[in-house]
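Working through the structure, step by step
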Amino acid sequence: MRYDLNLLPVFLSLMEERSVTRAARRLGMTQPALSNALARLRTLLQDPLFIRERYGMQPTPKALELAPVIAQALAGLDELVRGSQAFDPAQARLQLVLAPNSYVEYALMPAIVERLRALAPGISLRLVPYGAELADTGVISGSTALVLGRLIDPPDNLIVQHLMEESLACVVRADHPLVGERLTKKQFEQLKHVNMLPPGRLRAGLFQRLEKHGLKREVAVSVTHFLAIPEMVAVTDYCATLPRLICRRLAGDARLKVLPAPVDLGTFPVEMAWHVRYRNDPAHRWLRGVIAEVAAEVSAAAA
């Protein structure tokens, strides 16, 4: 029996979105067209596949059984087709979706964009939020090309590449009444702090390292993006503990001064990950090489 391969992405989108509306939007289809495709899938597989419930469409046992098999088959087909295609970055015309965390977006993305503008002006990027969980980025489903940041317990269908190690330093206002050219443990504990909230399970990282050294920190303000921190520190007596690449950017602000942390807070990894289906995709492989190169250069320059 012959069947339409175009039905397989429809099935996977419905599995991940659990909504005809969202799946249609994701695939660039109209809702009637997607509903028609779902009807054909149900006929082909002799099963309802998705049951409409109050909080979305829930997959049937057969749909849950088929999902990993179809995902693997599509990934293999994508890899075969994409891997045989030639890629010329200077002539390429495409959009790639990346999910950088707030640190990568602030510290690395400007240099990455600059490199792409020079080497591949026809490639555009769309940045989507990193979110609290990897599933929120779209990288697990393959709808997002790359996720950039720190990966905690990535699933088996993601390939992870280490980009660099990052360390931490402290920032206070330049004319701080209590802090000179060195920040002591006692001063660190006396000050109030601006805290950057990383997503999900990464939130405990800095707190755990401070606890390891017996160093207390009173958090006055927690923010969700690095852009908020310079203005807050510049007009208060607060302190912020930040990655060195962020501090390097802030060192040019005359209102601020960057100081070593009073204890060695160690390093944290910066990584990128992608779906296995893009392992041999020429465009993705090229982009990964550019990002790795830029990360190494920026890290070396800040050392």
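Numbers given to residues run from 1 along each chain, matching the order in which its sequence is written. Predicted model: local features are reported for residues with pLDDT of at least 70 only, side-chain atom pairs are reported and counted for 80 or more only, and whole-chain, interface and lining totals are derived from all residues. By convention in this description, side-chain values take in all heavy atoms of the structure and omit both hydrogens and water.

Another point: the overall build of the protein. By definition, any uninterrupted DSSP run of H or I lasting at least four residues is a helix, any uninterrupted run of E lasting at least two residues is a strand, and each is numbered from the N terminus. From N to C terminus, the protein includes 11 helices and 11 strands. For the protein, the spread of C-alpha atoms along the principal axes amounts to about 80 × 50 × 30 Å. Any residue under 20% of the maximum accessible area for its type is buried, any over 50% is exposed, and the rest in between are partly exposed; the area is computed with a 1.4 Å probe on protein chains only. Each of the 303 residues in the protein was classed as buried or not, and the buried ones make up 45%. Contacts are assigned to residue pairs with any non-hydrogen atoms lying within 4.5 Å of each other. When contacts within the protein are restricted to residue pairs at least 6 apart in sequence, long-range pairs at least 24 apart make up 76% of them. Here, Shrake-Rupley sampling with a 1.4 Å probe gives the accessible areas, and only protein chains in the shown set may cover a residue. Total accessible area on the protein stands at roughly 15700 Å², and carbon and sulfur atoms take up 53% of it.

Another aspect to go through is the state of the cysteines. Only a pair of cysteine sulfur atoms within 2.5 Å qualifies as a disulfide here. All chains considered together, the criterion is met by zero disulfides. No disulfide involves C170; its sulfur sits 4.3 Å from that of C239, the nearest cysteine. Note on C170: relative accessible area 1%, which makes it buried.

Only buried residues count toward a nonpolar core. Its members are Ala, Val, Leu, Ile, Met, Phe, Trp, Tyr and Cys residues joined through side-chain atoms within 4.5 Å. Membership of the largest hydrophobic core comes to 62 residues, with the highest contact counts inside it found for Y103, L108, L163, I229 and L242. For L242, the residues in contact, after removing those within four places along its chain, are S167, L168, A169, V171, F226, I229, C247 and L250. Listed in part, the 22 residues of the second largest apolar core include A23, A37, L49 and I70.

In this structure, R18 takes a positive phi of about 55° despite not being glycine. Of note, R18 is situated in the loop between α1 (7-17) and α2 (20-27). For R18, a relative accessible area of 26% puts it in the partly exposed group. A positive phi angle, near 50°, is found at D153, a position not held by glycine. With respect to the helices, strands and loops of the structure, D153 is situated in the loop between β5 (146-149) and β6 (158-173). D153 sits in the exposed class, given a relative accessible area of 61%.

This part takes up the packing of aromatic side chains. Two rings from Phe, Tyr or Trp (for Trp, the six-membered ring) form a pair when their centres sit within 6.5 Å of each other. Planes less than 30 degrees apart are called stacked, planes more than 60 degrees apart edge-to-face, and all others tilted. For the structure on display, the rule yields four aromatic pairs. Note on Y103 and F268: the rings are 5.9 Å apart at their centroids and 80° apart in plane angle, and the pair reads as edge-to-face. Taken as a pair, Y103 in helix α5 (residues 102-107) and F268 in strand β11 (residues 267-275) lie far apart in primary sequence, 165 residues in all. Residue F268 is classed as buried on the basis of its relative accessible area of 16%. Each ring is checked for a lysine NZ or an arginine CZ that lies within 6 Å of its centre and within 35 degrees of its normal; such an atom marks a charge sitting over the ring. Lying across the ring of Y106, R249 places its NZ or CZ 4.5 Å from the centre. The side chain of R288 reaches across the aromatic face of W274, ending 4.1 Å from its centre.

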